[in-house]
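Below are the chains, spelled out letter by letter.
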Amino acid sequence: MAKQKKQSPGTIALNKKALHDYFIEQKFEAGLVLSGWEVKSLRAGKAQLVDSYILLKDGEAWLMGCHITPLTSASTHVVADPTRTRKLLLNKRELGKLFGGVQQKGYACVALSIYWKKHLIKCDIALAKGKKEFDKRHTEKERDSDREIQRAMRTKGKED
């Protein structure tokens, strides 16, 4: 069984599927508009970004499909919707780059990760170009060859 990779201490959720399905062209850091029960759930690490994407509408960016599981102890008095749309906080220049890339160049806008930055929760989003099937196979081959090289380098020093 493969070892689980440790996430960095500030990382709450990663979208590994996006890294597999897209070439990442440009990254942006956005703030999230959250309610109180969502912050408590994120502190407990109850978030998933698997099928999430960014919707650009009316000059604003919205995070769609992000699932934040409500804690039973934290959201007793509120009807919690785990997959509600959440507004992303970006400045006008960043929004202009996103709109231009999506409309003119045909890029997709995807969420890569949610993480802590000091006491704030940030979302890492990216303009990405979709991969074809042969691109995915090429990436897998590169990853396997890099892994073999690392193994060879590790064992070479121990043979002495």
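Please refer to the structure higher up on the page.
As a starting point, this report considers the structure included with it. Being a predicted model, the structure only gives us computed values, none of them experimental.

## Here we look at the nonpolar core
And then number 1: Judged by nonpolar contacts, the single largest core of 28 residues is most densely connected at Ile54, Leu88, Leu98, Ile114 and Ile125.
And then number 2: Mapped onto this core, the elements with two or more residues apiece are strand S1 (11-14), strand S2 (22-32), helix H2 (36-43), strand S4 (53-57), strand S5 (60-64), helix H3 (92-103), strand S8 (108-117) and strand S9 (120-130).
And then number 3: When residues in this core are grouped by element, the largest group, four residues, is from S9.
And then number 4: Each residue touching Leu98, except ones within four places of it in the same chain, is listed here: Phe28, Leu56, Leu90, Cys109, Ile125 and Leu127.
And then number 5: Grouped together as the second largest cluster of nonpolar side chains are five residues, Ala18, Val110, Leu112 and Ala128 included.

## A few points about unusual backbone geometry
And then number 1: Even without being a glycine, Asp58 presents a positive backbone phi close to 55 degrees.
And then number 2: The residue Asp58 is located in the loop between S4 and S5 in this model.
And then number 3: Judged by its relative accessible area of 70%, Asp58 is exposed.
And then number 4: At Lys118, a position not held by glycine, the phi torsion is positive, near 60 degrees.
And then number 5: When you line up the elements, Lys118 lands in the loop between S8 and S9.

Calculation criteria
- Throughout, residues of each chain are indexed from 1 in the direction in which the sequence is written.
- Thresholds applied to this predicted model are a pLDDT of at least 70 for local features of residues and 80 or more for the giving and counting of side-chain atom pairs; totals over whole chains, interfaces and linings are not thresholded and use all residues.
- Each side-chain value is worked out from all heavy atoms of the structure, with water and hydrogens disregarded.
- Definition used in this section: a nonpolar core is a set of buried Ala, Val, Leu, Ile, Met, Phe, Trp, Tyr and Cys residues joined via side-chain atoms within 4.5 Å.
- Only protein chains enter the calculation, and the probe is 1.4 Å; a residue is then buried if its accessible area is under 20% of its type maximum, exposed if over 50%, and partly exposed in between.
- Each helix is a run of H or I in the DSSP string that is no shorter than four residues. Each strand is a run of E no shorter than two, and both are numbered from the N terminus.
- A contact between two residues is defined here by any heavy atoms of the two lying within 4.5 Å.

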